[in-house]
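# Close look at the chain arrangement
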Amino acid sequence: MDPAQGSPIVEKARGAWSRRGSETGLDLFGRALQVLGELATARFRLRACDRVGRRARTRAAPRVVNAGRIEIGDDVILLSRWSPVELVTAPGGRIEIGDGVHVNYGTLISARERVRIGDRAQIGQYCIVADTEGPAGDEVGPGEPRPVEIGADAWLAGRVTVLPGVRIGAGSVVTAGSIVAEDVPPGVVVGGNPARVLRRVGEDPEPLPVPSAPPAAAPATPAMPLARGVLVSDFTIDPLARFLASPVDGASLEADVAPFAQVTQTILQGPAPGADGFVVVWTRPETAVPAFERARTGQGYVEADLLAEVDAHCALLERAAAAWKLVLVPTWTTPPGRRGMGALDARQGGTRALALCNARLLERLASLPNVVALDAARWATVGGKGAQGARAWFMGKVAFGDEVLVEAARDVQAAVLGSRGGARKLVVVDLDDTLWGGIVGDVGWQGLKLGGHDAAGEAFVAFQRRLKELTRRGIVLAIVSKNEEATALEAIRSHPEMVLREEDFVAWRINWTDKARNVADLVASLNLGLQSTVFIDDNPVERARVREALPEVLVPEWPEDKLLYPAALDDLRCFDVTTLSAEDAERTRLYAAERQRETARAEVGSLDAWLATLEIRVRAEPVGPANVARAAQLLNKTNQMNLTTRRLTEAELLDWSGTPGQRAWAISVSDRFGDAGLTGVVSVAVEGGKGRVVDYLLSCRVMGRRVEETMVHLAVEGAMQLGAREVEAVLVPTRKNKPCLDFWARSGLDRTGPESFRWDAARGYPLPDCIRLEWRREDA
């Protein structure tokens with residue numbers, strides 16, 4: 001009898017041939033012929049099995065070693081195209097595969113007693129389902145067998161290991177890379193090593209717990225992932241994709257997982273459409289640098305060969321940098337239990353070789369602006385003894401435990417968020433029992449716990465030092481405290497153990513007003529957004545008040561134990577950025593200069609008179625290699641005064657501005673109080689006599705000084721040079737760029753729509769009287 005007789009697929013092809021015409025019919029008929037071939041060859045390829053059901057299909061040949069009994073149901077598909085499915089039984093062993101089961105390539109099913117797979121179960125690639133420990137080759141693994149059962153409609157994702165004795169309930173899902181050591185109830189999602197219940201099937205995923213303490217309060221889950229990328233590795237990395245999707249630190253990410261151990265192939269192939277936001281390239285040193293393995297195993301190595309192999313790996317990362325917007329490279333680590341050459345390892349073995357490899361890796365990556373190295377050694381430390389388990393490696397090529405991957409996910413989320421301008425810029429702190437111990441109004445500054453031979457006092461000093469370190473990364477500090485201002489400022493100025501002094505704070509609100517109101521007023525005075533702010537207070541009532549009233553402000557939970565304050569600040573990822581400019585490092589000084597300007601404004605009175613006293617100088621120069629790093633940083637993180645919020649990498653910005661008919665200029669601002677540095681970008685594109693303002697963005701630090709009008713003057717003049725007869729600006733509205741719309745509405749341009757404006761280039765746009773413009777129109 002024809003095995004395909006009555007096959008619905010063949011009948012569908014025949015019907016399509018007659019109904020839809022030759023093209024569609026040929027496609028379906030060709031598909032039907034392929035299925036017929038699979039049906040015809042399946043019985044031959046599965047001839048070692050005791051029973052093969054109707055319409056069972058194989059794609060490429062599975063590997064069957066049957067010394068017991070193997071029964072395969074109807075409509076089963078065994079996909080072996082890239083790596084064979086293996087079915088192995090010992091004498092007396094039994095494998096039962098139900099109807100409609102789909103088994104993907106590279107999967108091993110092994111039985112000394114019994115393994116049963118229920119109807120319609122789906123098993124992903126490279127899974128291991130065995131009733132004994134460690135099956136290998138033609139032999140079933142040793143040990144006492146314990147039957148395994150996978151329920152109907154269950155789904156095992158890629159590289160899942162099911163240990164002996166486990167029963168997986170009907171309809172349950174096991175996430176990729178998991179090791180299932182205990183029974184799984186029906187209708188749940190499980191994952192991890194060992195797998196644990198995450199939620200019921202159909203429920204929305206909850207934010208994942210953060211193993212380090214104390215955790216920050218997680219913001220609401222964003223509607224859409226911030227970016228989509230790919231995870232490339234030479235070990236099972238699938239669980240990392242799940243952790244990235246949980247917005248622990250405010251940035252949910254979508255990540256595809258590249259095929260296992262296909263590092264070079266994946267990078268050379270480039271990103272899939274829409275998945276170029278980021279790539280994580282996480283490799284083990286023994287595979288990326290073969291000379292390292294020789295060093296670790298005592299075979300000896302030549303240092304020049306070692307470094308040459310690191311250089312070759314870095315050349316591959318350079319290819320990735322040209323294809324993805326952000327490349328994240330965890331540093332190389334080794335399992336903590338591997339001692340290599342023992343006492344000699346740090347002198348001439350793996351420890352020394354690993355240090356050389358990582359040093360060379362960091363040196364080479366430093367020259368690539370969109371490539372960021374991440375400290376995987378710290379993740380392993382946080383993971384503790386179980387960070388890298390040998391047993392998990394042999395059973396599922398799992399190199400790291402879940403705690404390590406959660407830490408990795410948080411750092412990846414923070415790096416991607418920071419690269420897109422989402423890092424927090426302002427820390428607002430309370431004083432009493434937050435910056436120092438005690439109530440200064442009760443005990444005076446002399447009675448405060450700060451420094452000295454006291455554990456809490458030392459912790460407060462360490463906490464202040466950590467805050468001081470943040471200022472060197474471009475984060476600014478401010479104070480909101482319920483106190484008498486004179487008393488509080490006296491403590492800051494007079495206490496000998498204070499690390500932070502008055503000049504370290506860009507602003508303060510020290511009074512008895514509601515703290516939420518004070519925070520909002522302070523942030524507005526700095527021309528920052530609430531989404532840029534972190535509020536730290538020891539009082540849970542005050543934290544709850546600010547969190548409820550100002551949901552955009554990040555209010556981390558804070559430990560009751562004062563000794564944990566430094567660690568709590570260290571655990572925040574919200575300040576991470578991928579580049580640090582000279583302007584960032586000088587931000588506190590720039591805000592201090594702004595306070596001087598405001599004082600001068602109060603003394604002078606009118607706005608125009610005040611601006612005239614500032615002696616404002618605006619310098620415009622083409623975007624080029626010398627300034628593109630800072631220009632791209634501004635492009636990707638400026639939100640309020642930003643016309644289109646277009647985001648580009650450095651290479652993309654240089655390429656765009658070098659295209660005929662397109663120009664971009666970097667804007668620097670200074671006055672008699674100091675140099676604010678490169679604070680703006682304006683670009684135009686001209687086609688057919690019509691000019692368009694493409695980028696128009698300005699740092700909030702210099703808003704309100706006629707720099708905005710100066711940039712419009714530059715845009716109009718620059719477009720005229722390129723042949724424009726009219727210039728148009730169209731704002732792309734966001735939640736944050738209303739200040740930009742407000743400016744264009746009062747700019748004097750003709751409003752042609754709710755967010756569109758037009759100017760006749762022949763009229764010219766006037767340069768404000770208070771501005772001295774220095775414009776280098778073309779590259780020197």
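See the structure shown above.
Residues numbered from 1 in each chain as written. Predicted model: local features only at pLDDT ≥ 70, side-chain atom pairs only at ≥ 80, totals over all residues. Heavy atoms only, no water.

Attention now goes to helix α7 (residues 303-323). An ideal rise of 1.5 Å per residue puts 30 Å on 21 residues; α7 measures up with 31 Å between its terminal C-alpha atoms. Taken together, the buried positions of α7 are occupied by L306, L307, V310, D311, H313, C314, L316, L317, A320 and A321. (Helix = DSSP H or I, 4+ residues; strand = E, 2+ residues; numbered from the N terminus. Expected span 1.5 Å × (residues − 1). Buried < 20%, exposed > 50% of the residue type's maximum accessible area, 1.4 Å probe, protein only.)

Attention shifts here to the nonpolar core. Formed by 62 residues in total, the largest nonpolar core has its most connected members in L426, I667, Y696 and W744. The leading source of residues in this core is helix α24 (residues 707-721), at 7 residues. When near neighbours in sequence (up to four residues on either side) are disregarded, L426 contacts I475, V476, L477, A478, L522, V523, L526, L528, S532, T533 and V534. V115, L156, V184 and A392 belong to the second largest nonpolar core, which has 41 residues in total. (Core = buried A, V, L, I, M, F, W, Y, C linked by side-chain atoms within 4.5 Å. Contact = heavy atoms within 4.5 Å.)

Under the defined criterion, the tally for this structure stands at 15 aromatic pairs. Ring plane angle 55 degrees and centroid distance 5.7 Å describe the contact between W558 and Y565, whose orientation is recorded as tilted. Classification of W558 by relative accessible area gives buried; the value is 6%. Residue class for Y565 comes out buried when judged on its relative accessible area of 0%. Among the aromatic residues, ring-to-ring pairing joins F235, W282, W379 and F400 into one connected group. Its guanidinium or amino end placed over the ring of F44, R47 lies 4.2 Å from that ring's centre, counting from NZ or CZ. For the cation-ring pair, R646 lies above W656, with the distance from its terminal atom to the ring centre recorded as 4.6 Å. (Phe/Tyr/Trp six-rings, centres within 6.5 Å; stacked < 30°, edge-to-face > 60°. Lys NZ or Arg CZ within 6 Å of the ring centre and 35° of its normal.)

Let us look at the pattern of salt bridges. Opposite charge on two side chains lets them pair, provided their charged atoms get close. Applying the stated criterion to the full structure yields 47 salt bridges. For the salt bridge of D50 with R69, the shortest nitrogen-to-oxygen distance reads 3.7 Å. Here D50, found in the loop between α2 (22-45) and β1 (51-52), pairs with R69, found in strand β4 (residues 69-72); they are 19 residues apart in sequence, far enough to count as distant. D50 sits in the partly exposed class, given a relative accessible area of 39%. Residue class for R69 comes out partly exposed when judged on its relative accessible area of 31%. One salt-bridge network, held together by shared partners, links D50, R69, E71, R94, E96 and R116. (Salt bridge = Lys/Arg side-chain N within 4 Å of Asp/Glu carboxyl O.)

On to the pairing of strand β7 (residues 94-97), then. Relative to β7, β4 runs parallel, the two being bridged by 4 bridges. When the sheet's bridge partners are listed, I70 is paired in β7 with I95. Summarising the sheet, β7 and strand β10 (residues 114-117) pair through 4 bridges and their orientation is parallel. Paired with R94 across the bridge in β10 is R114. (Pairing = 2+ DSSP bridges.)

What follows concerns helix α15 (residues 485-494). For an α-helix, 3.6 residues make a turn, and residues three or four places apart therefore share a direction. When we look at burial in α15, the residues that qualify are A488, L489, A491 and I492. Looking down the long axis of α15, one finds its buried residues gathered within 155 degrees of arc, a one-sided arrangement. (Arc of directions from axis to C-beta.)

A few words on the environment of N539. Inspection of the secondary structure puts N539 in the loop between β29 (533-536) and α17 (540-549). A relative accessible area of 31% means that N539 is categorised as partly exposed. Along the chain, N539 and D432 lie 107 residues apart, while their C-alpha atoms are 9.7 Å from each other.

Sheet faces and side chains relate simply in a regular strand, where the side chains alternate between the two faces. Residue alternation in strand β9 (residues 108-111) divides its side chains into two sets, L108 and S110 and I109 and A111, and both sets are buried. In this structure, strand β6 (residues 86-89) lies alongside β9, joined through 4 bridges in parallel fashion. The residue of β9 that forms the bridge with L87 is I109. Sheet topology note: the β9/strand β12 (residues 128-130) ladder contains 3 bridges and is parallel. Residue pairing across strands places L108 opposite I128, the latter belonging to β12.

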